[in-house]
Amino acid sequence: MEIKFENIVKNYGKFRALGPLNLTISQNGIITILGPNGAGKTTLLKVLVGLAKPSEGKIYVNGKDFQNSRKEILQKMGILVEQPEFYPYLTGREILEFTGKLKGLWGEDLKKEIQRVSEITGSVDFLDKKVGKYSRGMKQRLGISVALVNDPPIMILDEPTFGIDPLGSLEIREVLKNLNKNKEKIILFTTHIIEEASYLSDRIIILESGLIRSDTLNDSDYVLIKVTGNLTNLENYRGITFKKLSEDQALIRIKRNDLPHFNREITHNNEIMFIERSSQVEEAIRELSNH
Amino acid sequence: MQTNFFNIYLHYFKNYYRSKSFYLILIIVALASFLMSYLTFKYSNRVSEMLPSRLISLSRVNSELLMMYLWAYIMSGLPVFASVFFSSPAISSEIEMRTGYFIFSQPVDRTVLVLAKYFAAVTVTIISLLVYLFSEVFSIIFVYGFIESDQLFWSTAMLILFILALTAFTFLLSSIFNKNLYAYITSFVVYFVIFYAVNLILYLLYDYNAFFLLNNAATIMERVYININPTIFTNNFSLNPAGLNDIVLSSVVFIIYTIVCLVGAIVIVENKEVQ
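Attention here is on the structure that accompanies the text. The model shown is predicted, which means the values in this text are computed figures rather than measured ones.

Looking at the packing of helix α2 (residues 20-43) of chain B against helix α4 (residues 78-87) of chain B
Residue and element names in this part refer to chain B.
- Contact geometry for α2 and α4: axes closest at 10 Å, N-to-C directions at 175°. Judged on the interaxial angle alone, α4 and α2 are roughly antiparallel. When α2 is examined against α4, the residues Ser21, Ile25, Ile28, Val29 and Ala32 are found in contact with a partner set consisting of Leu78, Phe81, Ala82, Phe85 and Phe86.
- A per-class count over the contact of α2 with α4 returns 9 nonpolar, 1 polar and no charged.

In structure tokens form, the structure reads like this:
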């Protein structure tokens, strides 16, 4: 499968939300669109699945123009865009039956598929309740189930862990990790959590103000950490790249195996923190990724 | 396409008939049915005596026909409420309630989505009005021992055409807006204020009967019993049922509204972005 964005621009009135953007995704795996709020992540996905029309440019999936082959292309996609809402007087099972039928599943096959996807997302227990009574997290799990129906080769997931409790988020991450185990799908997902992107992704695309700022393979041998404290020895330490965020803070890209040694040698009396989301951090990641 | 259409139709139909709006409309229709049944049972023989003096000639009409006219007169207002409740939020709610993210990213043409939802809305509107129709038939047969079946057939046929047209009209208005409230208000204002005002102005200033207005065409439901149009002030009316020409004219108006409004709604939805 291949997804190709060709000179895509999306304007809302005079405001340019996206582009011009050229991007080709041709290898299976988890491709993460990372960026702060308003970066254009959701707009990019909306344009890709036809919920918004590009002001300029074209999208091709397997060489087919999306505008001309919309229905055929959507058959191959599992989609979760924004926080999902469903018809409140229907049950989760009815929503999944509806989706399955639109994707050509009927009878026993449909029943088995509903059982499969709801087990994966942990939504079996509330599947027969009306959606109007679902919590945000339950709707999110149902949304992921909907996207999984019929095991599509392309999955588009917009902030899939949004609204789910911390334990549930970890479960969803593992679900995505397992889906990607054999690298049989393109899983395109957005997040603003760098840790999530680092953990899951094969490729990270950083989007800012509607433009691609960085597009790198996520080398899992490296980790990103933020150090707070005395940074005087940082310049002399070999094997790292870093960017100072302030006088006493720096973002560091370091080999995972070097981390214990680095911790002993350099960050004595310093505090190592997991990186947090901020535009400053993302700017630093872009620079570090280019090294 | 047929399979998808039926699947989507059922999906929306289930969501409609389980909704609170459906039960609210059923209560309103049941209330109207009760009041009209009360009138029929209590005043069946004195109904023509209660008419204003300018309509005294109506006393010559048999009271059964007059009673059915009154039933149809009330009935012509009920589909407006039912259609507005079910159809005004039909498209706008997909945006406001954010279900559009789900439904518009399904592998199905938006035209099929609109048409399936349209027929689901028409079905629940008709179902909700069946209570009224059954009450009418039961009351009239019970009190008078028989019913004018030809006129009842035409009145019911016109009711169905009116529901088709009105639902299409409210779908068109709904497709313009992204907020349900705007769609509700606009539907009511256009039907009960704009249409009536245009009708009145054209009649008073130009002595012109605006047959093309939906509310005017809807009077055919009662005019198949006695040819009096309650939306215009005139002393020229016929005590005979409306003729075939009037039925055809109203049918054409309904069909044109249905086609034009549905095409308009489909074109708007095809180009609608989910925001």
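Notes on the packing of helix α8 (residues 149-176) of chain B against helix α9 (residues 180-206) of chain B
Residues and elements named next belong to chain B.
- Packing of α8 against α9 brings their axes to within 9 Å, and their N-to-C directions diverge by 140°. Considering their axes alone, α8 and α9 lie oblique with respect to each other. The crossing of α8 and α9 is right-handed. Where α8 approaches α9, its residues Thr170, Leu173 and Ser174 are matched on the opposing element by Ala183, Thr186 and Ser187.

Let's talk about the sheet that holds strand β3 (residues 29-34) of chain A
Residues and elements named next belong to chain A.
- Overall, mixed pairing links the 6 strands, which are arranged β6-β7-β8-β3-β9-β10 in an open sheet. Each edge of the open sheet carries a strand with a single partner, namely β6 (77-80) and β10 (211-217). Shown here is a sheet whose adjacent strand axes are inclined to one another by a mean of 15°, direction ignored.

Structural notes on the sheet that holds strand β4 (residues 56-61) of chain A
All names here are of chain A.
- Strand order in the open sheet formed by 4 strands is β2-β1-β4-β5, and the pairing between neighbours is antiparallel. Looking at which strands have only one partner, the edges of the open sheet turn out to be β2 (15-25) and β5 (64-65).
- With 7 bridges joining them, strand β1 (residues 3-12) and β2 adopt antiparallel strand pairing. Looking at β2, one finds that Asn11 is bridged to Arg16.

Some points on α8 of chain B
- Relative to the 40 Å expected for 28 residues at 1.5 Å per residue, α8 of chain B spans 41 Å between its end C-alpha atoms, a close match to the ideal helical length.
- Counting buried residues in α8 of chain B gives 20 out of 28 residues, a clear majority hidden from the surface.

Parameters at a glance
- Residues numbered from 1 in each chain as written.
- Chains lettered and ligands numbered in written order.
- Predicted model: local features only at pLDDT ≥ 70, side-chain atom pairs only at ≥ 80, totals over all residues.
- Axes fitted to C-alpha atoms, helices over the stretch in contact; angles between N-to-C directions.
- Helix = DSSP H or I, 4+ residues; strand = E, 2+ residues; numbered from the N terminus.
- Parallel < 35°, antiparallel > 145°, perpendicular 65-115°, else oblique.
- Contact = placed C-beta atoms within 7 Å.
- Nonpolar A, V, L, I, M, F, W, Y, C, P; charged D, E, K, R; others polar.
- Left-handed = near helix turned anticlockwise from the far one by under 90°.
- Pairing = 2+ DSSP bridges.
- Expected span 1.5 Å × (residues − 1).
- Buried ≥ 20, exposed ≤ 12 C-beta atoms within 10 Å, placed from the backbone.

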